[in-house]
Amino acid sequence: MAVIKPSLAKGTRDFSPAEMEKRNHIFNTVKSVFVKYGYREIQTPSFENLQTLTGKYGDEGDKLIFKILNSGDYLAKAPAELLEARASGPLIPYITERALRYDLTVPFARYVVMHQHELTLPFKRFQIQPVWRADRPQRGRYREFYQCDVDVVGSDSLLNEAEFVLIYHEALTKLGLRDFSIKLNNRKLLAGIAEILGKPELIVDMTVAIDKLDKIGLEGVNNELLARGFTTQDLQQLAPIIKLEGPNAAKIEQLKQVLQPSAIGLAGIGELETVLGYVEKLSAGTDLLNRFVEVDITLARGLNYYTGCIFEVKTNEVAMGSIGGGGRYDDLTGMFGLKGITGVGISFGADRIYDVLEELGLFPQSTAQSTQVLITNFDKLAELYALPLLQKLRAAGVATELYPAAAKLKKQLAYADNKSIPYVVLVGEEEIAASQFSLKDMRTGEQWKLNEAELCARLS
RNA sequence: GUGGGUAUAGCUCAGUUGGUUAGAGCACUAGAUUGUGGUUCUAGGGGUCGUCGGUUCGAGCCCGAUUAUCCACCCCA
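Residues numbered from 1 in each chain as written. Chains lettered and ligands numbered in written order. Predicted model: local features only at pLDDT ≥ 70, side-chain atom pairs only at ≥ 80, totals over all residues. Heavy atoms only, no water.

Topic: the overall build of chain A
What counts is decided by this rule: Only DSSP runs of H or I with at least four residues qualify as helices, and only runs of E with at least two residues qualify as strands; both kinds are numbered from the N terminus onward. To get the radius of gyration, use the C-alpha atoms; to get the globule rule, take the number of residues to the power 0.38 and multiply by 2.2 Å. Three exposure classes are used, based on accessible area relative to the maximum for each residue type with a 1.4 Å probe and protein chains only: buried under 20%, partly exposed in between, and exposed over 50%. Throughout, a contact is declared for two residues whenever any of their heavy atoms are within 4.5 Å. Here, Shrake-Rupley sampling with a 1.4 Å probe gives the accessible areas, and only protein chains in the shown set may cover a residue.
When its secondary structure is counted, chain A shows 19 helices and 16 strands. For chain A, the C-alpha radius of gyration of 29 Å lies well beyond 23 Å, the compact-globule estimate for 460 residues. For chain A, the spread of C-alpha atoms along the three principal axes comes to 95 × 70 × 50 Å. Counting only residues that meet the buried cut, chain A has 48% of its 460 residues in that class. A sequence separation of at least 24 residues applies to 68% of the contacts in chain A between residues at least 6 apart. Accessible surface for chain A amounts to roughly 23100 Å². Of this, 53% is attributable to carbon and sulfur atoms.

Okay, structure coming up:
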């Protein structure tokens, strides 16, 4: 057989033991916060029926769904004329029926609909699993990456939104981040602005354009707006809104003035005020609200199912895309035939958070620890002598390993050193004769002779 | 999908206007040290210079194509 040069599929990564320890540090941290706020974990399959996923993410998103080729003679059912014409797009439904999940929200919506009779509403769930996108990889963008989603369905209370602000703050702070912004906006408010301009149908074009403000500046936004069907008069009306600055309360006051004629716009403002009010009460005595929460009218977010509040989190310490986002969607399950169920949720981008923590050196030293004790192995006799100790230490809950073959001590100590094992137990003729063990502390180099009971007491 | 950069040892990279046998650091193996790691010293293994073609007496270096990869845009976490 020809030897294939080993390589990774584009946009994927291996995770070494050290990397897994760091990744688990992130997962465990966010998980502990989710649980504290009353969320329970679920998992859904890696792949779904293709029709479950298509049409939920817009045309751009649909293109990025990894589709799974049907098994067997997958071309048999394809119409000859489509094959003849090499019409890839129209062929898709004939050759693929399943696809890898693109996010965790849509599978969750399917889950809610399928399990609606078992669920007690409001249902609060979190989910930490990989998702796949056929995107072109670059910095902070992978084809396989993990999302940590928390959502609640069946509750329209804005307390949920406020708690998500607290969850973001608590989890990211626990991970060591010190300077990040939790940006808040509301789709209704954006709809109100489009309404006042007399172009409610262009709300998506408008939000996509003003979303780019920090990247291309006001002039760039204006050019884009013109290209998307807005007039110079619209731009004059929009300019003061886009350029809003100052504390959140001041922004809200100004928006109230501007949005006076729009009922939906005022509703959006009202929701923002309520959320901020809850956050204030829930973070009394801290600087959370002033330092981390920012009302940002230019925050758009692409997913078109959002209908109310929207969130996005960015770190200010490293150049990186958003590390989290989410929002409220009034009718997500409607696509699966269940009307009137509202949901709101957020997501943490674990892989980007990893890259940020790595760049800032924020991973704790202790995540790298695994084995606590290594027992050396010189020969068969010493190995036999050591086995009962191995059993006792493990029974006492101490992560212990016996070097699996007789080898030079130098090599065994180098193994312990490389694996950051803090203690080594040396077993040789001398120790066996005296019914003892030599315990070596690898950090200080100190060494003691102890019997089995003393050793176990010392290590456990 | 659009545009740009890069490709030399396991990893990070040098390599002169094109000129003998292509280098360094790290990593690895062994020895200095027969039962003591990290530091140090010594030695060693490891390369079809991404691939194919062209120019040339001669190509790691110049030209073309191709593949891979990274970055930016689009979009997103």
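Considering the domain arrangement of chain A
Under the convention used in this document: Residue ranges assigned to each domain were obtained from an automatic or database domain assignment.
What the domain assignment reports for chain A is domain 1 (17-360) and domain 2 (369-459). One C-alpha centre belongs to domain 1, the other to domain 2; they are set 52 Å apart.

Points about the sheet that holds strand E6 (residues 144-153)
For clarity, the cut-off: Here, any two strands with at least 2 DSSP bridges between them count as paired. For helices, the axis comes from a line fit to the C-alpha atoms of the stretch in contact; other axes are also lines fit to C-alpha atoms, and the angle between any two N-to-C directions lies between 0 and 180 degrees.
Ordered by their spatial adjacency, 8 strands build an open sheet running E1-E5-E6-E11-E10-E9-E7-E8, and the pairing between neighbours is mixed. Looking at strand neighbours, the two that pair on one side only are strand E1 (40-41) and strand E8 (293-295), the edges of this open sheet. Strand contacts of helix H8 (residues 187-196): strand E7 (180-186) and strand E9 (309-315), with the helix running at about 55° to E7, the strand carrying the most contacts.

A closer look at a nonpolar patch on the surface
Which entries qualify depends on this criterion: Residues qualify for a patch when their relative accessible area is over 30% and they have no salt bridge, like charges being joined within 9 Å and the nonpolar side chains of Val, Leu, Ile, Met, Phe, Trp and Tyr within 5 Å. The rule for a salt bridge is simple: a side-chain nitrogen of Lys or Arg has to be within 4 Å of a carboxyl oxygen of Asp or Glu.
Taken together, Leu69, Tyr74, Leu75 and Leu83 make up a surface patch of nonpolar side chains, about 320 Å² in accessible area. One can find Leu75 in the loop between strand E3 (67-69) and helix H4 (80-84). Exposure remark for Leu75: the relative accessible area of 39% places this residue in the partly exposed category.

Quick word on the side chain of Asn377
Tracing the sequence through the fold places Asn377 in the loop between strand E12 (373-375) and helix H16 (380-395). Classification of Asn377 by relative accessible area gives buried; the value is 0%. Contacts of Asn377, omitting those with residues within four sequence positions, involve Glu383, Leu402, Tyr403, Pro404, Ala405, Ala406, Ala407 and Gln412.

Some details on the pairing of strand E5 (residues 123-132)
Burial analysis of E5 places 9 of its 10 residues in the buried class, which makes it a mostly covered element. Bridge count for E1 against E5 is 2 bridges, and the pairing is parallel. Counted as the bridge partner of Glu41 is Phe126 from E5. As judged from the 10 bridges shared by E5 and E6, these two strands associate in the antiparallel manner. What sits directly across from Ile128, in E6, is Cys148.

Concerning the packing of aromatic side chains
Rules: For Phe, Tyr and Trp, rings pair up if their centres lie within 6.5 Å, where Trp contributes its six-membered ring, and each pair is then called stacked (planes under 30 degrees apart), edge-to-face (over 60) or tilted (otherwise). Lysine NZ or arginine CZ positioned within 6 Å of the ring centre and within 35 degrees of the ring normal marks a charge as sitting over the ring.
Considering all chains together, one arrives at 14 aromatic pairs under this definition. Taking the centre distance of 6.0 Å and the plane angle of 35° together, the rings of Tyr39 and Phe164 count as tilted. Residue Tyr39 is found in the loop between helix H1 (17-36) and E1, and its partner Phe164 is found in helix H7 (residues 158-174); the two are separated by 125 residues along the sequence. For Tyr39, a relative accessible area of 2% corresponds to the buried category. You can call Phe164 buried: its relative accessible area is 0%. Ring centres 6.3 Å apart and planes at 85° place the aromatic pair Phe164 and Phe311 in the edge-to-face group. Of this pair, Phe164 sits in helix H7 while Phe311 sits in strand E9, and the two are 147 residues apart along the sequence. Both residues of the pair, Phe164 and Phe311, count as buried. Positioned over the ring face of Phe108 is Arg125, at 3.9 Å from the centre of the ring. A cation over a ring is seen here: Arg458 above Trp448, with NZ or CZ 4.0 Å from the ring centre.

Structural notes on the protein's contact with RNA strand B
How we decide: Proximity is defined per residue: any heavy atom of the residue falling within 4 Å of a molecule or strand makes that residue near it. Polar contacts, as counted here, are pairs of nitrogen or oxygen atoms within 3.5 Å of one another; within protein the pair requires one atom able to donate a hydrogen and one able to accept it, and residues that are adjacent in sequence qualify only if both atoms are side-chain atoms.
Every one of the 37 residues lining RNA strand B counts as a neighbour, but Arg141, Ser322, Arg352, Lys408 and Met442 are closest to it. Counting only the atoms of RNA strand B within 4 Å of the protein, the fraction contributed by sugar and phosphate is 44%. Between Arg133 and RNA strand B, the recorded distance is 2.6 Å, taken from a side-chain N or O atom to a sugar or linking oxygen. At a separation of 3.2 Å, a base oxygen of RNA strand B approaches a polar backbone atom of Glu429. Every element with two or more residues in the surface near RNA strand B is listed here: E6, helix H17 (409-418) and helix H18 (429-434).

Structural notes on helix H6 (residues 105-114)
Along H6, 9 of the 10 residues are buried, which leaves the element largely enclosed by surrounding structure. Every buried residue of H6 is listed here: Thr105, Val106, Pro107, Phe108, Ala109, Arg110, Tyr111, Val112 and Val113. Lining the buried residues of H6 we find strand E2 (47-49), helix H2 (50-53), E5, E6 and strand E10 (324-329).

Digging into the side chain of Thr400
Here Thr400 lies in strand E13 (residues 400-402). On the accessibility criterion, Thr400 (6% relative accessible area) is buried. A distance of 2.9 Å separates the side chain of Thr400 from the backbone oxygen of Val398, its partner in a polar contact. In this structure, Thr400 is in contact with Thr371, Val373, Ile375, Leu390, Leu393 and Arg394, ignoring residues within four places of it in sequence.

Here we look at the environment of Leu121
Relative to the helices and strands, Leu121 resides in the loop between H6 and E5. C-alpha of Leu121 to C-alpha of Val258: the two residues are 137 residues apart in sequence and 37 Å apart in space. Excluding its chain neighbours within four sequence positions, the residues that come into contact with Leu121 are Val153, Gly154 and Ile341.

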